[in-house]
Structures are given as structure tokens and as C-alpha cells.
Amino acid sequence: MSENTPIVDIRNATVYRGETRVFDGLTLTIPGAGSTAILGPNGAGKSTLLKLLMREIHPVVMDGSHVKVFGRDRWVITELRARLGVVSNELQVRYSPGAMGLNVALSGFYSSIGTWGHQSFSKEQLDEADRIMDRLGILHLKEKPLARMSTGEQRRFLLARALINNPDTLILDEPTSGLDVPATFHYLGIIRDLIAEGRQLVLVTHHLHEIPPEVDHVVTIRQGRVMHAGPKAEVLTEANLKELFSTDLQIVRQDGWYQVLPA
Ligand SMILES: Nc1ncnc2c1ncn2[C@@H]1O[C@H](COP(=O)(O)OP(=O)(O)O)[C@@H](O)[C@H]1O
Ligand SMILES: [Mg+2]
């Protein structure tokens, strides 16, 4: 695959969730070089877009419509899961409170929720899990159940799970939601390191301040429609964000970070 093959290339996709038509003829490309943030208000369709990318849901079959991930419209799902590491709150709440940290991390090898008796792990896999947990500062928690960890610690185990197949692309759905200030900063620091070592991010958020300076592209969506897509500095303007959030606001920029304040 060339570096320029888009992560996802969506053409004219109509997508339902239950009775709700979330996308009606969505066309969107997430570039294959650099990291992308997807920004939009609650209910815009951001998580649905990620599910489309992960092939957990599919568009209505129509001529001239496709969803190509890394240039392909067919995937063996386990192969795709190994290339895309995902962290979302939805994934986090699917784990049983009794799941042990180590098992959450190891479950990434099978892209499963939790581990099961029939799954076995080699010494190499166990060492790799330890190495990643150590890097994320959670090795000492590996025998603790999720229920006895803070939300920030739980989120780091989810990231360990996502990293275990060494994916070059990480899909993060509101990764700092529910985290306090130190946990948010810690998480953002890890994310920046992951980009610095050459991984690409697709980061979904409704918070401007969790878009790290290293993110190159921004896509804004509202009510299932792409409003703007392009280089970060061109998309994150006051005019665009007022329209996106239907609210008067001002943008503050510092050291590559953005924040919105009331106008
Ligand atoms: N499982 C579902 N069944 C029916 N409608 C859903 C489901 N999940 C999401 N929706 C609807 O799809 C729309 C987009 O949701 P979502 O992609 O979760 O938005 P976001 O992540 O941007 O907040 C919303 O109107 C939401 O109510
Ligand atoms: Mg969402």
C-alpha cells in the first residue's frame, strides 16, 4: 500500500442505524498521510462514521457507492482489526468490571472483548503485553480488575489493547471523555508520542482542546453532513466553528493547540 492510499474513501454512502438515517449520500476521504481529527456536535454521526470505517456497519447497497478502507472494499475482518487499533468508551463499557487489566490488553490479539479459556498466549505475546503496559504506566495494575481502577487507568488498558497488534493507525473516539485534567494531559502526551513514532490517528471529538498540535487534517460534521474538510488551520476558523456548533464563540490558539471560549 502506498503512503497516499487513503485510510478510508467513502463515496455516496447512505447509512441507517435502526430507523435513523445517519448519512444520506456521504462522500468523504480521510488521507493516508498524517493524522485527522473529526469534529462535530453530539449526534452528528462521528461514532457512526468510525463504525463504517471499522466495517461494523455497512451502507445501503447502491450503484456508485463504496467504502474503501486502505484502498480495499473487501476485508477479512480480523485482518482489518489488526491494522486499526480502536479505543472508545463504548468498547470500555462492554468489558465486565471483573476483567483483569492484563486480560484487557491481551484481548487485543484476538480483537475480542476479554479473553477466554480457549485462547492461549505465547511467551512473546505476554512479553509484548508487559512492554506496552509498562510504556503506558499501567504494568503495576495488570492484575487488578477494571472495577478497581480509575477511568483514566481503564482507558489506558484500552489503549494497550489497541496497541498490542502494533497497528499503524489508531482510531480514538472521544479518548479523554470522563478523564480529569492530569489523566487528560497524560493521555494526550501518549497520543502525541504515538504520532511522533509514525502512527496515524483518526481522532473523534467534540472538544477542540483535545486535538494535539500534530494533527494535520480536520473534518467537521453536523447532522450527518460534512461541513468542512482540509488542513487544520483552514478548517478551524471562527466562522466555520460557529456554523458547526450553531453558537457564537471565539477561538484561542496557543502553541499549536486550540480552545473555544464564549464570544
Ligand atoms: N444504535 C442506534 N440506533 C438508532 N439510532 C442510533 C444508534 N446509534 C446512533 N444513532 C443515531 O445516529 C445519530 C448519530 O449518532 P452517533 O454517530 O453516535 O453521533 P456522535 O458520535 O457524533 O455523537 C444520532 O442521531 C443517534 O441518535
Ligand atoms: Mg459518538
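Quick note: structure is the one above.
Counting from 1, residues in each chain are numbered in the order their sequence is written. Written order decides the labels, with chains lettered from A and ligands numbered from 1. Only residues with pLDDT of at least 70 are given local features in this predicted model, and only at 80 or more are side-chain atom pairs given and counted; all residues enter the totals for whole chains, interfaces and linings.

1. Quick word on the pairing of strand 10 (residues 249-254)
Here is step 1 of the chain: We call a residue exposed when 12 or fewer other C-beta atoms sit within 10 Å of its C-beta, buried when the count reaches 20 or more, and partly exposed for counts in between; the C-beta positions come from the backbone. Strands here are runs of E lasting at least two residues and helices are runs of H or I lasting at least four, both read from the DSSP assignment and numbered beginning at the N terminus. Of all 6 residues making up strand 10, only 0 are buried, and the element is barely covered by its neighbours.
Here is step 2 of the chain: Summarising the sheet, strand 10 and strand 11 (residues 257-262) pair through 6 bridges and their orientation is antiparallel. Its bridge partner lying in strand 11, V252 is registered against Q259.
Here is step 3 of the chain: Any two strands are treated as partners once DSSP identifies two or more bridges connecting them. Hairpin connection of strand 10 to strand 11: 2 residues between the antiparallel strands, including D255 at a positive phi of 50 degrees.

2. So, unusual backbone geometry
Here is step 1 of the chain: Positive phi outside glycine occurs at N12, with the angle close to 50 degrees.
Here is step 2 of the chain: For N12, the location among the structural elements is in strand 1 (residues 8-17).
Here is step 3 of the chain: The exposure class assigned to N12 is partly exposed, which follows from the 16 C-beta atoms found within 10 Å.
Here is step 4 of the chain: In this structure, E174 is a non-glycine residue whose phi angle is positive, near 50 degrees.
Here is step 5 of the chain: Assessed through the 18 C-beta atoms surrounding it within 10 Å, E174 is described here as partly exposed.

3. A few points about the sheet that holds strand 4 (residues 66-69)
Here is step 1 of the chain: The strand order across the open sheet formed by 3 strands is 2-1-4, and the pairing between neighbours is antiparallel. The outermost strands of the open sheet, each flanked by one partner alone, are strand 2 (20-30) and strand 4. Shown here is a sheet whose adjacent strand axes are inclined to one another by a mean of 30 degrees, direction ignored.
Here is step 2 of the chain: Judged from the 7 bridges that link them, strand 1 and strand 2 form a sheet pairing that is antiparallel. Residue D9 lies in a different strand from strand 2, and its bridge partner there is T29.
Here is step 3 of the chain: A pair of residues counts as a contact when their C-beta atoms, built from backbone coordinates, are within 7 Å of each other. The convention used is that axes are lines fitted to C-alpha atoms, helices contributing only their stretch in contact, and that angles between N-to-C directions extend from 0 to 180 degrees. Packing against the sheet, helix 1 (residues 46-53) makes contact with strand 1, strand 2 and strand 4, and its axis sits at approximately 115 degrees to strand 1.

4. Quick word on the site of ligand 1
Here is step 1 of the chain: Around ligand 1, the surrounding shell consists of R17, G18, T20, V22, G40, N42, G43, A44, G45, K46, S47 and T48.
Here is step 2 of the chain: The set of elements that each furnish at least two residues to the shell around ligand 1 consists of strand 2 and helix 1.
Here is step 3 of the chain: For the shell around ligand 1, the element with the most residues is helix 1, which contributes 3 residues.
Here is step 4 of the chain: Under the convention adopted here, Pro, Cys and the residues Ala, Val, Leu, Ile, Met, Phe, Trp and Tyr are nonpolar, Asp, Glu, Lys and Arg are charged, and Gly plus all remaining residues are polar. Within the shell around ligand 1, the residues separate by chemical class into 2 nonpolar, 8 polar and 2 charged. The criterion for a residue being near a molecule or strand is a backbone-placed C-beta atom within 6 Å of that molecule or strand.

5. Section: the sheet that holds strand 6 (residues 169-173)
Two strands in a sheet stick together by hydrogen bonds in their backbones, pointing the same way (parallel) or opposite ways (antiparallel).
Here is step 1 of the chain: One open sheet accounts for 6 strands, arranged 5-6-7-3-8-9; its pairing is mixed. Each edge of the sheet is formed by a strand with only one pairing partner; in this case those strands are strand 5 (84-88) and strand 9 (225-231). Strand-to-strand twist across the sheet, computed as the mean angle between neighbouring axes with direction ignored, equals 15 degrees.
Here is step 2 of the chain: As defined by bridge partners, strand 3 (residues 36-39) adjoins strand 8 (residues 217-222) across 4 bridges and the pair is classed as parallel. Counterpart to L39 in the pairing with strand 8 is T220.
Here is step 3 of the chain: In this fold helix 1 packs onto strand 3, strand 6, strand 7 (200-205) and strand 8, with an angle of close to 150 degrees to the strand it touches most, strand 6.

6. Details of the nonpolar core
Side chains that are nonpolar tend, in soluble globular proteins, to be buried together.
Here is step 1 of the chain: Note on terminology: a nonpolar core is any set of buried Ala, Val, Leu, Ile, Met, Phe, Trp, Tyr and Cys residues joined through C-beta atoms within 7 Å. In terms of nonpolar packing, the biggest core is built from 63 residues, with I38, A105, I132, A160, I171 and L203 touching the most fellow members.
Here is step 2 of the chain: For this core, the element with the most residues is helix 6 (residues 151-163), which contributes 6 residues.
Here is step 3 of the chain: Those residues in contact with I38 that sit more than four places away from it in its chain are K46, L49, V202, V204, V219 and I221.

7. Looking at the environment of L141
Here is step 1 of the chain: Structurally, L141 is set in the loop between helix 5 (123-135) and helix 6.
Here is step 2 of the chain: Setting aside residues no more than four positions away along its own chain, L141 makes contact with G101, M149 and E153.

8. Considerations on the environment of S65
Here is step 1 of the chain: Topologically, S65 is positioned in the loop between helix 1 and strand 4.
Here is step 2 of the chain: C-beta crowding within 10 Å serves as the criterion here: with 16 such atoms nearby, S65 is assigned to the partly exposed category.
Here is step 3 of the chain: Taking the C-alpha atoms as reference points, S65 and R21, 44 residues apart in sequence, are found 16 Å from one another.
Here is step 4 of the chain: Among residues more than four places away in sequence, those in contact with S65 are R11, N12, A13 and P59.

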